Each structure stands twice: as C-alpha cells, then as structure tokens.
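Summary of structural features
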Amino acid sequence: MSARNQIVHHVFFWLKNPLSVDDAAQLIDGLKTLKAIPQIKNLLIGTPASTMKRDVVDNSFQVSELMYFDDVEDQDIYQTHPVHVAFVEKYGHLWNKVVVYDMIANEPEE
C-alpha cells in the first residue's frame, strides 16, 4: 500500500507525577494494549530522547506513542474502539496533559 493518505497519529503525555518511573511504566503497559486494535498498522511507544538541546526541541513530555493508520476511516474507528475507550478509562488518571498531532501523508504515489 502507498503511504499516500496514510494517517500518522502522534500523542504526547505529560504525567501528573512526572518523576514517577512506576507511572510511566504503567502508561507504557497500557499503550501496549492498543496493539490489539486491528486498524493500527504500526505502533511505536517511547520516552524523550537525550538529543541535542535546541530551541525547537520540546522533550518536556514523559511518554509518547506514534500510530499509523491506512486512512482517516481507520483512525476514526480506533477512537471509539472498546480497547481504546478502556485504555483511557483505566490509565487516564496518570496524565494531566495530552497533545495530539495528526498528519495525512501527501507524498505522490510512485
């Protein structure tokens, strides 16, 4: 499948207890449950990298996840999927801020 029209869903989480290793581990475990959603084509979970400090780099978050979907419809299905709803209900108490960046791939087909 071409990357054209693929949806990239990038979510950043700021924990209520930003120094808590246990809270970060719990959130990461919860994010792993999202792999059960068939519309997710790829799921990457991580924490801030120790890259060069620059004005344009924001590594103030504690956990991030990056998902790929074939199209907008699959991303919409994900939003209301019972596994996603259960994730928010079970782990939502861990974070105080979430920022989402969604992108649609516009590269030309080869």
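Scroll up to find the structure.
Remember, predicted model here, so these are calculated numbers, not experimental data.

Moving on to the overall build of the protein. Of regular secondary structure, the protein possesses three helices and four strands. Beginning at the N terminus, the succession of helices and strands in the protein can be written as β-α-β-β-α-α-β. Overall size of the protein, expressed as C-alpha extent along the three principal axes, is 45 × 40 × 15 Å. In the protein, 77% of the contacts between residues at least 6 apart in sequence involve partners at least 24 apart. For the protein, the accessible surface area stands at approximately 7,000 Å², while carbon and sulfur atoms represent 54% of it. Put simply, the protein has 9 plus and 16 minus side-chain charges, and the middle of one group is 8 Å from the middle of the other.

Attention shifts here to the sheet that holds strand β1 (residues 7-15). With respect to topology, four strands assemble into an open sheet ordered β2-β3-β1-β4, the strand pairing being antiparallel. The open sheet has two edge strands, β2 (42-46) and β4 (95-104), and neither has a second partner. For this sheet, the mean inter-axis angle between neighbouring strands, taken without regard to orientation, is 15°. Sheet analysis places β2 next to strand β3 (residues 63-69), joined by five bridges and oriented antiparallel. Residue I45 lies in a different strand from β3, and its bridge partner there is E65.

Another aspect to go through is the environment of L19. In this structure, L19 sits in the loop between β1 and α1 (21-32). The spacing of L19 and D70 is 51 residues in sequence and 35 Å in space, taken between C-alpha atoms.

A few words on the pairing of β1. Burial within β1 is extensive, with eight of its nine residues counted as buried. Pairing between β1 and β3: seven bridges, direction antiparallel. Looking across to β3, one finds that I7 is bridged to F69. The sheet contact formed by β1 and β4 spans nine bridges and is antiparallel. Opposite V11, over in β4, you have V100 as the bridge partner.

The nonpolar side chains of soluble globular proteins are, as a tendency, buried together. By size, the foremost hydrophobic cluster in this structure holds 19 residues, and its most contacted members are F13, L27, L34, I40 and F87. At the level of secondary structure, the elements contributing two or more residues to this core comprise β1, α1, β3 and α3 (82-91). In terms of residues, this core owes the most to one element, β1, which gives four residues. Those residues in contact with L34, other than ones at most four positions away along the chain, are I40, L43, M67, Y78, V83, H84 and F87.

About the cut-offs
- Residues numbered from 1 in each chain as written.
- Predicted model: local features only at pLDDT ≥ 70, side-chain atom pairs only at ≥ 80, totals over all residues.
- Heavy atoms only, no water.
- Helix = DSSP H or I, 4+ residues; strand = E, 2+ residues; numbered from the N terminus.
- Contact = heavy atoms within 4.5 Å.
- Areas by Shrake-Rupley, 256 points an atom, 1.4 Å probe, with all protein chains shown as cover.
- Lys, Arg positive; Asp, Glu negative; His and termini not counted.
- Charge placed at Lys NZ, Arg CZ, Asp CG, Glu CD.
- Pairing = 2+ DSSP bridges.
- Axes fitted to C-alpha atoms, helices over the stretch in contact; angles between N-to-C directions.
- Buried < 20%, exposed > 50% of the residue type's maximum accessible area, 1.4 Å probe, protein only.
- Core = buried A, V, L, I, M, F, W, Y, C linked by side-chain atoms within 4.5 Å.

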